[in-house]
Amino acid sequence: MRLAFISDIHGNAQALDSVLKDIEKRNIDQLFVLGDISYRGIDPQRSVDMVRKLDAQVIKGNADEWIVRGVQDGEVPEESIKGMNEEKDWSFSNMTSESVNYLRDLPEEINEEYEGVNIHAFHATPKDLFEVVLPTETDEGMNERLMANEVADIYIYGHIHKPYIRHIGGKIVINTGSVGLPFDGLAQPSYAIVDIEDGGVQTSIVRTNYDLEQLVEGVKSSDYPNKNLLSKLLMDASV
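None of these values were measured; they are calculated from a predicted model.

S.K.: What exactly am I supposed to notice about the sheet that holds strand β6 (residues 154-157) here?
M.R.: Backbone hydrogen bonds are what pair the strands of a sheet, in a parallel or an antiparallel way. Spatially, β4-β5-β6-β8-β7 is the arrangement adopted by the five strands of the open sheet, whose pairing is mixed. Of all strands in the sheet, those bounded by a partner on one side alone are β4 (109-114) and β7 (164-168). Adjacent strand axes in the sheet meet at a mean angle of 15°, parallel and antiparallel pairs treated alike. Both β7 and strand β8 (residues 171-175) contribute to a ladder of five bridges, which runs antiparallel. Looking at the pairing, Tyr164 lines up with Asn175 of β8. Strand contacts of helix α6 (residues 139-146): β5 (117-122), β6, β7 and β8, with the helix running at about 100° to β7, the strand carrying the most contacts.

Written out as C-alpha cells, the structure reads:
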C-alpha cells in the first residue's frame, strides 16, 4: 500500500500540478490533502478545482478557515492582520461561493488503518488548526502536542512548511512540508510518501520542480495585494 500526503498548496496551482504529475508516476493507492488550499496565492479557484477533481481525502487547514471568516486577532502578529485580510479578500473575491462553502465544510482530521498500521493526519495539531509544532520540538513536546491518539503508529501534519521525519518511541512523526510555499530554504514543492507492506513501513519526502520564475512574474504582473511579499516568500522559501 502506497500513500501520498500533500499539504499547504496556498493557491499555487503550478506547484500543485508538478506534484500531481509526480504522484501519477509513483503508483499511489491513496492520496490525502491536509489543508491550506487557496489562501496566499494567485490561483485560489483553480487550486480548489484541482483538489476537488482528485480521488483524495481532504481536510481543512487554518488558511482555509481564513478564506471563510478572515484573519482574527491573536492568530498572527497585530501588524500583519490588515495586509493578510486584504489577501483573504482578494482570494475570496476570486473564488465561487461553492468553493468557499467547500472549504468551510471540510473535516479536520483523518484516521485510517492500512495492513494493521494506524495513521492519524491533521493540519497543525489534533486540537488546533493554528498551533505551530516545529521540527526542533522535544520528544516530550511531540508526544504531548501531536501524538495524543495512542492508537496511531504514524502522525502526519502540514502547517509549518518544513518537511521532516522523526521516530519517537517506536512511532513516526512526519511533516509533509508545503506544495506551494516551502519555508525550509529550498524553493521546491514537497510532499510525503508512506509505503506499507507486510506490516513494515517506509517513509520519504519527495521534492519536485516547476517554473518558479514564471510564477513570480505572474505574481508581479497581477493585482494581488502584498505581491512583493508573496514574491519574496516564493523565491526565498523562508520566513
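S.K.: Please explain the pattern of salt bridges as it appears in this structure.
M.R.: A side chain of one charge can pair with a side chain of the opposite charge if their charged atoms are brought near each other. Summed over the entire model, instances satisfying the criterion amount to 15 salt bridges. We note a salt bridge from Lys21 to Asp17, for which the minimum N-O separation is 3.1 Å. Taken as a pair, Lys21 and Asp17 lie in helix α1 (residues 13-24) at a separation of four residues, close to a single helical turn. For Lys21, a relative accessible area of 47% puts it in the partly exposed group. In this structure, Arg145 and Glu131 form a salt bridge, with 2.7 Å as the shortest nitrogen-oxygen distance. Residue Arg145 is located in helix α6, and its partner Glu131 is located in the loop between β5 and α6; the two are separated by 14 residues in the primary sequence.

S.K.: Would you take a moment to explain the packing of helix α7 (residues 212-220) against helix α8 (residues 227-236) for this structure?
M.R.: For any two helices packed against each other, one specifies the crossing angle of their axes together with the interaxial distance. Closest axis-to-axis distance for the α7/α8 pair is 9 Å, and the angle between their directions is 170°. Overall, the two elements α7 and α8 adopt an arrangement that is roughly antiparallel. Counting all contacts with α7, which are made through Leu212, Leu215, Val216, Val219 and Lys220, the residues of α8 involved are Lys227, Leu230, Ser231, Leu234 and Met235. Here the contact of α7 with α8 is built from residues that sort into seven nonpolar, one polar and two charged.

S.K.: I keep staring at the pairing of strand β9 (residues 190-197) and nothing clicks. Help me out?
M.R.: Among the eight residues of β9, seven are classified as buried, and the element is accordingly described as predominantly covered. In this sheet, β9 lies alongside strand β1 (residues 2-6) in antiparallel orientation, the contact comprising four bridges. Bridging from a neighbouring strand, Arg2 pairs with Asp195 of β9. For β9 and strand β10 (residues 200-207), the ladder comprises eight bridges, and the chain directions are antiparallel. Paired with Glu197 across the strands is Gly200, a residue of β10. Counted along the chain from β9 to the antiparallel partner β10, the turn is two residues long, and its residue Asp198 has a positive phi close to 55°.

S.K.: Sorry, what's going on with the environment of Leu234 here?
M.R.: With respect to the secondary-structure elements, Leu234 resides in helix α8. A relative accessible area of 6% means that Leu234 is categorised as buried. Note: C-alpha distance between Leu234 and Glu108 (126 residues apart in sequence) is 27 Å. If we skip the residues at most four places from it in the chain, Leu234 touches Asn12, Gly180, Leu181, Ala187, Tyr210, Leu212, Leu215, Val216 and Val219.

S.K.: What is the right way to read the packing of aromatic side chains from this model?
M.R.: By convention here, two paired aromatic rings are described through the distance between centres and the angle between planes. Overall, the coordinates contain six aromatic pairs when judged by the stated rule. Arranged with centres 4.6 Å apart and planes meeting at 10°, the rings of Phe5 and Phe32 form a pair that is stacked. Here Phe32 lies in strand β2 (residues 30-33) and Phe5 lies in strand β1, a separation of 27 residues in the sequence. Judged by its relative accessible area of 0%, Phe5 is buried.

S.K.: Which parts of the structure should I look at to understand helix α4 (residues 81-93)?
M.R.: With 13 residues, α4 extends 18 Å between its outermost C-alpha atoms, agreeing within 8% with the 18 Å of an ideal straight helix rising 1.5 Å per residue. In this structure, the buried side of α4 is in contact with α2 (44-52) and α3 (62-69).

S.K.: For this particular structure, what's the right way to read the pairing of β1?
M.R.: Looking down a regular strand, the side chains alternate between one sheet face and the other. For β1, a buried count of four out of five residues is recorded, marking the element as mostly surrounded by other parts of the structure. Sheet topology note: the β1/β2 ladder contains four bridges and is parallel. Its bridge partner being in β2, Phe5 is matched across the sheet by Phe32.

S.K.: Honestly, the sheet that holds β10 in this entry has me stumped. Any pointers?
M.R.: Pairing within the open sheet is mixed, and its five strands lie in the order β3-β2-β1-β9-β10. Since the sheet does not close on itself, it has two edges, and those belong to β3 (56-58) and β10, each with one partner. Between one strand axis and the next, the sheet turns through 20° on average, direction left out of account. Strand contacts of α1: β1, β2, β9 and β10, with the helix running at about 175° to β1, the strand carrying the most contacts.

What counts and how
- Residues numbered from 1 in each chain as written.
- Predicted model: local features only at pLDDT ≥ 70, side-chain atom pairs only at ≥ 80, totals over all residues.
- Heavy atoms only, no water.
- Pairing = 2+ DSSP bridges.
- Helix = DSSP H or I, 4+ residues; strand = E, 2+ residues; numbered from the N terminus.
- Axes fitted to C-alpha atoms, helices over the stretch in contact; angles between N-to-C directions.
- Contact = heavy atoms within 4.5 Å.
- Salt bridge = Lys/Arg side-chain N within 4 Å of Asp/Glu carboxyl O.
- Buried < 20%, exposed > 50% of the residue type's maximum accessible area, 1.4 Å probe, protein only.
- Parallel < 35°, antiparallel > 145°, perpendicular 65-115°, else oblique.
- Nonpolar A, V, L, I, M, F, W, Y, C, P; charged D, E, K, R; others polar.
- Phe/Tyr/Trp six-rings, centres within 6.5 Å; stacked < 30°, edge-to-face > 60°.
- Expected span 1.5 Å × (residues − 1).

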